[in-house]
Amino acid sequence: PKQKLISLLSVPRDTRVTLPGSKNYYKINAVPMLKGIPELEKQVTGLTGIKLNGYVLTNFAGFKDIIDTLGGITIDVEKDMRYETGDKEDGYINLKAGVQVLDGSKALQYARYRDKTTADIGRTARQQKVLTTAGKKILEPATILKLPKLVPQLMKTVETDLSLKDLLTLAGAAKSFDNAAVVTQTLPGDAIMLDGLSYWEVNRDKAKEVAGNLLRGQTTDIWDSS
């Protein structure tokens, strides 16, 4: 609140990790199912050097409910998006290019879309765009006034180790975030193939620098210019 700064660091879902007691490689998005949230928190802290103070976990249904509770979000969809994920529910993506208000279902489509050129990193950038836009919507004066009523409603759509009191305190702090700066970056690395599977290989030398700088409101140039 003192800096009026919100930092958002994305960890690509394909990030390659190892788990205690195993020599196999895993994608970080499989860790909660295999070892639980505490292990995921350890993995993220290991990558970023940042101790986590809490977590909020949601699924597709919860994500849609959150966006709908906010009354939708305005997004500039950069191109026509059509894709079939294969899921029985929410499995068909069909969006037209242009600035538009997306309800929960369409926002989920936008966040899940994956094209061949940018793959998971392009999808991560779109997810940052959705979260940043939703965050700014939450910080609008009209929404802030409703937060004490919205927070208990949103609690029904997520799993978290934060208490309702914690979340209401955070909601109260949001009043000081008028015109806050939102700074985003993705954990640096490269796409690799191992045993026929694609992974995001985090640049561990740069990752902690990126995370630390982001907390100070600074993005980091991760490309060697030489």
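Everything quoted here is computed from the prediction, not taken from an experiment.

Rules used throughout
Residues numbered from 1 in each chain as written. Predicted model: local features only at pLDDT ≥ 70, side-chain atom pairs only at ≥ 80, totals over all residues. Heavy atoms only, no water. Helix = DSSP H or I, 4+ residues; strand = E, 2+ residues; numbered from the N terminus. Rg over C-alpha atoms; globule rule 2.2 N^0.38 Å. Buried < 20%, exposed > 50% of the residue type's maximum accessible area, 1.4 Å probe, protein only. Contact = heavy atoms within 4.5 Å. Areas by Shrake-Rupley, 256 points an atom, 1.4 Å probe, with all protein chains shown as cover. Lys, Arg positive; Asp, Glu negative; His and termini not counted. Charge placed at Lys NZ, Arg CZ, Asp CG, Glu CD. 1 Å grid on protein atoms, 1.4 Å probe; cavity = no way out; pocket = protein on both sides within 12 Å on 5 of 7 lines; lining within 4 Å. Points joined across faces, edges and corners; volume = space filled by probe spheres on them. Nonpolar A, V, L, I, M, F, W, Y, C, P; charged D, E, K, R; others polar. Salt bridge = Lys/Arg side-chain N within 4 Å of Asp/Glu carboxyl O. Axes fitted to C-alpha atoms, helices over the stretch in contact; angles between N-to-C directions. Parallel < 35°, antiparallel > 145°, perpendicular 65-115°, else oblique. Left-handed = near helix turned anticlockwise from the far one by under 90°.

The subject of this paragraph is the overall build of the protein chain. When its secondary structure is counted, the protein chain shows 9 helices and 12 strands. For the protein chain, the C-alpha radius of gyration of 18 Å lies close to 17 Å, the compact-globule estimate for 226 residues. Referenced to the eigenvectors of the C-alpha coordinate spread, the extents of the protein chain come out at roughly 50 × 40 × 40 Å. Classification of the 226 residues of the protein chain by burial places 36% in the buried group. By sequence separation, contacts in the protein chain at least 24 residues apart represent 59% of the contacts at least 6 residues apart. When the accessible surface of the protein chain is split by element, carbon and sulfur atoms take 54% of a total near 13,400 Å². One finds the centroid of the 32 positive side-chain charges in the protein chain at a distance of 3 Å from the centroid of its 27 negative side-chain charges.

This brings us to empty space enclosed by the protein. If you walk through the whole model with that rule in mind, you get 1 cavity of 30 Å³ or more. Along the walls of the largest cavity sit T15, R16, W200, E201, V202 and R204, which together make up its complete lining. Examining the composition of the lining of the largest cavity, we find that 3 residues originate from one element, strand β12 (residues 197-202), more than from any other. Grouping the amino acids of the lining of the largest cavity by side-chain chemistry returns 2 nonpolar, 1 polar and 3 charged.

A few words now on the pattern of salt bridges. All told, the structure shown has 9 salt bridges when counted by the stated rule. Across the salt bridge formed by D14 and K27, the nearest N and O atoms sit 3.6 Å from each other. Pair noted here: D14 is in the loop between β1 (5-10) and β2 (16-18) and K27 is in strand β3 (residues 25-27), with a separation of 13 residues, a long-range link. Close ionic contact of E201 with R16 constitutes a salt bridge, the shortest N to O distance being 2.6 Å. Of the two residues, E201 is situated in strand β12 and R16 in strand β2; the sequence distance between them amounts to 185 residues. On the basis of relative accessibility, which here comes to 24%, the residue E201 falls in the partly exposed class. The network of salt bridges with shared partners includes R13, D14 and K27.

Right, let's get into the packing of helix α3 (residues 60-69) against helix α4 (residues 104-112). Here α3 crosses α4 at 120 degrees, and the two axes come no closer than 8 Å. Classified by the angle their axes make, α3 and α4 are oblique. Considering only the axes of α3 and α4, their crossing is right-handed. Between α3 and α4, the contacting residues are F60, F63, K64, I67 and D68 on the first element and G104, S105, A107, L108, A111 and R112 on the second. Here the contact of α3 with α4 is built from residues that sort into 6 nonpolar, 2 polar and 3 charged.

Everything listed here is a matter of coordinates, which is why it stays silent on function.
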